[in-house]
Amino acid sequence: MPTQTPRRTAGASTGRDLPHPEPEEIRLEDVLHALADPMRLCVVRALATAEDGATCSEVELPVSPSTSTHHFRVLREAGVIHQCYRGTAKLNSLRREDLDALFPGLLQAVLAADARRS
């Protein structure tokens, strides 16, 4: 079970801010746990090719909406993705710079291994 750390949200609180870990709070075991699930890996793969991010509905997963929401939340709380509201939709993007700074080559290696497997 991944270690849970307190999550903070940068910036002013609008009631629609989503909690994200600060870069120094991102833990390797949380990231690996998040990336180990095939559905979450599918989300990461989709976001890796989305130049300006993607809304949750743009990332098609073969699961119920509530299960999809769970997968996005796990990725956000682990520090793998960033989510922000754009109207009523959540825009998702990879925290590539943070992950590459903390764990050089990890994200690229995971995506390359996934591509070889597919």
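Refer to the structure above for everything that follows.
Residues numbered from 1 in each chain as written. Predicted model: local features only at pLDDT ≥ 70, side-chain atom pairs only at ≥ 80, totals over all residues. Heavy atoms only, no water.

Q: Can you walk me through the packing of helix 1 (residues 28–35) against helix 3 (residues 65–78) in this structure?
A: The axes of two packed helices give the description: the angle between them and the distance between them. Contact pair helix 1 / helix 3: the axes reach a minimum separation of 9 Å and the direction vectors enclose 160°. Here helix 3 runs roughly antiparallel to helix 1, going by the angle between their axes. As helix 1 packs across helix 3, the resulting crossing turns out to be left-handed. Here helix 1 contributes Asp 30, Val 31, His 33 and Ala 34 to the contact with helix 3, which in turn contributes Val 74, Leu 75 and Ala 78. Looking at the contact of helix 1 with helix 3, its residues break down into 5 nonpolar, 1 polar and 1 charged. (Axes fitted to C-alpha atoms, helices over the stretch in contact; angles between N-to-C directions. Helix = DSSP H or I, 4+ residues; strand = E, 2+ residues; numbered from the N terminus. Parallel < 35°, antiparallel > 145°, perpendicular 65-115°, else oblique. Left-handed = near helix turned anticlockwise from the far one by under 90°. Contact = heavy atoms within 4.5 Å. Nonpolar A, V, L, I, M, F, W, Y, C, P; charged D, E, K, R; others polar.)

Q: Which parts of the structure should I look at to understand the nonpolar core?
A: General note: in soluble globular proteins, nonpolar side chains tend to be found buried as a group. Val 44 and Val 80 are the most contacted members of the largest nonpolar core, which totals 24 residues. If you list the elements that add at least two residues to this core, you get helix 1, helix 2 (38–49), helix 3 and helix 5 (106–117). With 5 residues, the top contributor of residues to this core is helix 2. If near-sequence neighbours (up to four positions away) are discounted, Val 44 is found in contact with Leu 35, Leu 75, Val 80, Leu 94, Leu 107 and Leu 111. (Core = buried A, V, L, I, M, F, W, Y, C linked by side-chain atoms within 4.5 Å. Buried < 20%, exposed > 50% of the residue type's maximum accessible area, 1.4 Å probe, protein only.)

Q: I'm lost on the environment of Thr 49 in this one. Help?
A: As for its position among the elements, Thr 49 is in helix 2. On the basis of relative accessible area, Thr 49 is assigned to the exposed category, the value being 66%. C-alpha separation for the pair Thr 49 and Leu 94, spaced 45 residues apart in sequence, amounts to 9.9 Å. Only 3.0 Å separates the side chain of Thr 49 from the backbone oxygen of Ala 46, close enough to count as a polar contact. (Polar contact = N/O pair within 3.5 Å; in protein donor to acceptor, adjacent residues only side chain to side chain.)

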